[in-house]
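Topology and contacts: notes
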Amino acid sequence: MSRTLLKSVCKAMERIAPLRLAEKWDNVGLLLESPIEKQKPGNVLLTIDLTSAVLAEALTQDASVIVSYHPTIFSGLKSMTLSNPLQKSLLSCAAQGISVYSPHTSLDSVWGGINDWLAEGLMKGKDDGQIRALVGEKLSPATGESEGAEGRLITLNEPIGMDVLEKRIKSHLNLSKIQVGYPADGCSSSTVRSIAICAGSGGSMLLGKEADVYFTGEMSHHEVLAAVAAGKHVILCGHTNTERGYLPILAAKLQAELRATNSEPRDHGMEEVRVIVSQKDKHPLEIV
């Protein structure tokens, strides 16, 4: 039954965030398939990172599949040993009958994915402005034949103060503090109208884009210097803080896909499977 669940999760995630949308440098899809076949299908646990605390939670939640947004295997491995904490978690998953799937940048890019969720949280309503896809130097509406894009550009109908934007971001991400960089010739009271967005680490993609604000999780020191020198505002919220709030939305989508029966054939036996958002997954850094 656990093999049936894994197959169902892989198919459902492909419908939610097609792997062809992932960046070429990324490592997505089924990253670990446990050889242990459980008698019952178990549950699905969603997390940003597969840490030892999340693994312990997966065991208590009787998970058979972990959907880890960040790839647990990113580059080639020459060995798998217990001395490496991340590899130890993977080996433990395999031994406990838990398989691991990662959507990563495919979930960033797809319409209705993480970047759209970030964008919608910065607007007071759907009619407050326009969200467009940000791909290289090209812009296009976040609709139509294409399936997704690397980032998003919001153009508000009316300019707002930086203080207003900062409050919206804090509220949307449930954060008390964020990092903000102001242009060398600007100030915190300046107004903005366009915001370029990239979940996670977006410096390399955002630099050079025409926008008043670059909004992402993290940028390197020199990327921040380059941005503010070019007259841009920079808002950084912590890498995973720009991603974690989307997990409940993904949980609802995946739960619906596993239980759906009216649109196309689905695998039977998925009605009792629960899709659970990890309570142990958290940003690894704290402001003290």
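Residues numbered from 1 in each chain as written. Predicted model: local features only at pLDDT ≥ 70, side-chain atom pairs only at ≥ 80, totals over all residues. Heavy atoms only, no water.

By the naming in an unreviewed UniProt entry, the protein is Protein NIF3-like protein, taken from Psilocybe cubensis.

**Some points on the packing of helix α1 (residues 2-16) against helix α9 (residues 247-259)**
Between α1 and α9, the least distance of the axes is 9 Å, while the angle of their chain directions is 120 degrees. Here α1 lies oblique to α9, going by the angle between them. The hand of the α1/α9 crossing is right-handed. Note on element contacts: α9 touches α1 through L250, K253, L254, E257 and L258, opposite S8, V9, A12, M13, R15 and I16. (Axes fitted to C-alpha atoms, helices over the stretch in contact; angles between N-to-C directions. Helix = DSSP H or I, 4+ residues; strand = E, 2+ residues; numbered from the N terminus. Parallel < 35°, antiparallel > 145°, perpendicular 65-115°, else oblique. Left-handed = near helix turned anticlockwise from the far one by under 90°. Contact = heavy atoms within 4.5 Å.)

**Observations regarding unusual backbone geometry**
Non-glycine residue H104 carries a positive phi angle of around 35 degrees. With respect to the helices, strands and loops of the structure, H104 is situated in the loop between β4 (99-102) and α4 (105-109). Owing to a relative accessible area of 9%, H104 belongs among the buried residues under this scheme. Of note in the backbone geometry, N174 takes a positive phi value of approximately 55 degrees without being a glycine. For N174, the location among the structural elements is in the loop between α6 (162-173) and β8 (179-181). (Buried < 20%, exposed > 50% of the residue type's maximum accessible area, 1.4 Å probe, protein only.)

**Examining the nonpolar core**
Core analysis: the biggest nonpolar cluster contains 50 residues, and V44, L165, F215 and L254 have the highest contact counts within it. Looking at which element gives the most residues to this core, the answer is α1, with 6 residues. In terms of nonpolar packing, the next biggest core, distinct from the first, is built from 14 residues, V54, C93, A94 and V100 among them. (Core = buried A, V, L, I, M, F, W, Y, C linked by side-chain atoms within 4.5 Å.)

**A closer look at helix α2 (residues 52-60)**
Within α2, burial applies to V54, L55, E57 and A58. Summarising the axial view, the buried residues of α2 lie within an arc of 160 degrees, below the 170-degree limit, and thus occupy one face. Counted as exposed and oriented over 90 degrees from the buried face of α2: S52 and T60. Looking at the packing, one finds that the buried side of α2 touches β2 (43-47), β3 (63-68), α3 (85-95) and β12 (275-277). (Arc of directions from axis to C-beta.)

**Topic: the pairing of β2**
Among the 5 residues in β2, 5 count as buried, and that is most of the element. Residue alternation in β2 divides its side chains into two sets, N43, L45 and T47 and V44 and L46, and both sets are buried. Crossover connection from β2 via α2 to parallel β3: handedness right-handed. (Right-handed = clockwise from strand over helix to strand, strands pointing away.)

**Here we look at the sheet that holds strand β1 (residues 29-32)**
One open sheet accounts for 5 strands, arranged β1-β4-β3-β2-β12; its pairing is mixed. Two strands in the sheet have a free side with no partner beyond their single neighbour: β1 and β12. Across the sheet, the axes of successive neighbouring strands diverge by a mean angle of 30 degrees, strand direction being ignored. Two elements, β3 and β4, share 3 bridges in a ladder whose sense is parallel. When the sheet's bridge partners are listed, V65 is paired in β4 with S99. Sheet contacts for α2: β2, β3 and β12; angle to β2, the most-contacted strand, approximately 160 degrees. (Pairing = 2+ DSSP bridges.)

**Observations concerning the pairing of strand β9 (residues 191-201)**
Summarising burial for β9: 8 of the 11 residues are buried, a large majority. Here strand β7 (residues 151-161) runs beside β9; their pairing, made up of 6 bridges, is antiparallel. Within β9, the residue paired with I160 across the bridge is V192. Across 5 bridges, β9 lies against strand β10 (residues 213-218) in parallel orientation. The residue of β10 that forms the bridge with A196 is Y214.

**A short note on the packing of aromatic side chains**
Applying the stated criterion across every chain yields a total of 2 aromatic pairs. Between W25 and F74, the aromatic rings sit 6.1 Å apart at their centres with planes inclined by 50 degrees, giving tilted as the arrangement. With W25 in the loop between α1 and β1 and F74 in the loop between β3 and α3, the pair connects residues that are 49 residues apart, well separated along the chain. By relative accessible area, which is 52% here, W25 ends up exposed. Since its relative accessible area comes to 47%, F74 is described here as partly exposed. Relative to Y246, the ring of W117 has its centre 6.4 Å away and its plane inclined at 65 degrees; by these criteria the two rings are edge-to-face. (Phe/Tyr/Trp six-rings, centres within 6.5 Å; stacked < 30°, edge-to-face > 60°.)

**Observations concerning a nonpolar patch on the surface**
Among the surface-exposed residues, L77, M80, L82 and L91 lie close enough to one another that they form a single nonpolar patch of about 340 Å² accessible area. With respect to the helices and strands, the residue M80 is situated in the loop between β3 and α3. Judged by its relative accessible area of 36%, M80 is partly exposed. (Patch = residues over 30% accessible without salt bridge, like charges linked within 9 Å, V, L, I, M, F, W, Y side chains within 5 Å. Areas by Shrake-Rupley, 256 points an atom, 1.4 Å probe, with all protein chains shown as cover. Salt bridge = Lys/Arg side-chain N within 4 Å of Asp/Glu carboxyl O.)

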